[in-house]
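Structural characterization, general
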Amino acid sequence: MTAHAKPLPTAADVDAAAVRILGVAVRTPLINNPALDAHLSARVFLKAETLQRTGSFKFRGAYNKCSSIPADKRAAGVVAYSSGNHAQGVAAAAKLLGMPAVIVMPSDAPVAKRRRTEALGAEVVAYDRNTEDRAAIAERIMAERGATLVPPYDDPLIVAGQGTIGREIAEDLAAQGLKPDVLFIGASGGGLAAGTALGLKARAPDVSIYTVEPDGFDDTLRSFKSGKRETNARMSGSICDALMSATPGEVTFPITSTLIGQGFSVTDAEVGAAVRYAFEELKLVVEPGGAVGLAAMLAGKLDLTGKVVAGVLSGGNVDAALFATLIAA
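We now turn to the structure provided with this report. (Residues numbered from 1 in each chain as written. Predicted model: local features only at pLDDT ≥ 70, side-chain atom pairs only at ≥ 80, totals over all residues. Heavy atoms only, no water.)

**Side note on the side chain of Ser 265**
Tracing the backbone shows Ser 265 in strand S9 (residues 263–266). A polar atom in the side chain of Ser 265 sits 2.6 Å from the side chain of Asp 215. Excluding anything up to four places from it in sequence, Ser 265 contacts Glu 213, Pro 214, Asp 215, Asp 218, Glu 270 and Lys 301. (Helix = DSSP H or I, 4+ residues; strand = E, 2+ residues; numbered from the N terminus. Polar contact = N/O pair within 3.5 Å; in protein donor to acceptor, adjacent residues only side chain to side chain. Contact = heavy atoms within 4.5 Å.)

What follows is the structure in structure tokens.
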């Protein structure tokens, strides 16, 4: 393995994260639906991270990172850049730990997301995404205040926190006498995919894992094929706004390429159908980016007959107007 600028997390780090988040993060249900089982001729189990604090899996990694900051550095707070789920996860984690949080957010971010982040006690610093560099702004705030950066995915503690999802899936299936044959997991920067793979493979080493990405934004899949971190040509143009990272992470890609190494892409139409299915059959609100795994199952990307299949519904923070359009289609 090549030398890495950053240390890679392990399954032991996932176990440590599980202790840190115990009783703070929601242990979300692993949902099995008879209609979905019949439709796919499989046993399908979906981890409903839509029901997590702040409505997405991001709280797990954020809390694991924030709670690991040494006591003498906590007063200086944390800084993060995000317009979506990561922002709210960090704001909520910091509030629970009594730490100030600054979120660097594009000035054109949805008003509801800004308000929600501010409601969690965070200070929002707006920037122009066309002319300003969010990382530079975060660096300045860190220098001025001594704040700790909480990255969205490319950090061992963030990856380990997300990995508690894989650990919980394995535990909940084992309690029913089952082991997963297949896992579908959404990928963007790769924090969720890398962590979940670490947590799940430690307990179910034979599981086959597939990343799922939006069509045209399949940098992870192309990176698996080329063996190096590829970049997406576009930064917008999918309804999966949560899955818009340009390239897999330095920390995440060595893990996903080793433990996963295969994947699928799904169209906006396939994602929309999955959002609608979750609403009609599962009675769950799932944002497009959180529905890609279910979309791959429903679109028949893989023959699942007779298999025990797991997926993660990773978030439910969808704009009401978009959701109404998708479920009415």
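From this point, things continue past the structure.
**Describing helix H5 (residues 85–96)**
Between its terminal C-alpha atoms H5 stretches 17 Å, which fits the 16 Å expected from 12 residues at 1.5 Å a residue. Among the 12 residues in H5, 10 count as buried, and that is most of the element. Here H5 has its buried residues at Asn 85, His 86, Ala 87, Gln 88, Gly 89, Val 90, Ala 91, Ala 92, Ala 93 and Ala 94. Gly 98 occupies a position one or two residues after H5 and carries a positive phi of about 70°. (Expected span 1.5 Å × (residues − 1). Buried < 20%, exposed > 50% of the residue type's maximum accessible area, 1.4 Å probe, protein only.)

**Digging into unusual backbone geometry**
Of note in this structure, Ser 41 is not a glycine but carries a positive phi near 50°. With respect to the helices and strands, Ser 41 occurs in the loop between helix H2 (34–40) and strand S2 (43–48). Residue class for Ser 41 comes out partly exposed when judged on its relative accessible area of 44%. Of note in the backbone geometry, Thr 54 takes a positive phi value of approximately 65° without being a glycine. One can find Thr 54 in the loop between S2 and helix H3 (58–66).

**Notes on the nonpolar core**
Judged by nonpolar contacts, the single largest core of 35 residues is most densely connected at Phe 184, Leu 294 and Met 297. Of all the elements, helix H12 (residues 268–282) adds the most residues to this core, at 6 residues. Excluding its chain neighbours within four sequence positions, the residues that come into contact with Phe 184 are Tyr 210, Val 212, Phe 264, Gly 293, Ala 296, Met 297, Leu 302, Leu 304, Val 309, Ala 310, Gly 311 and Val 312. In terms of nonpolar packing, the next biggest core, distinct from the first, is built from 26 residues, Val 78, Val 90, Met 105 and Ala 109 among them. (Core = buried A, V, L, I, M, F, W, Y, C linked by side-chain atoms within 4.5 Å.)

Function cannot be inferred from these measures alone, as they are strictly geometric.
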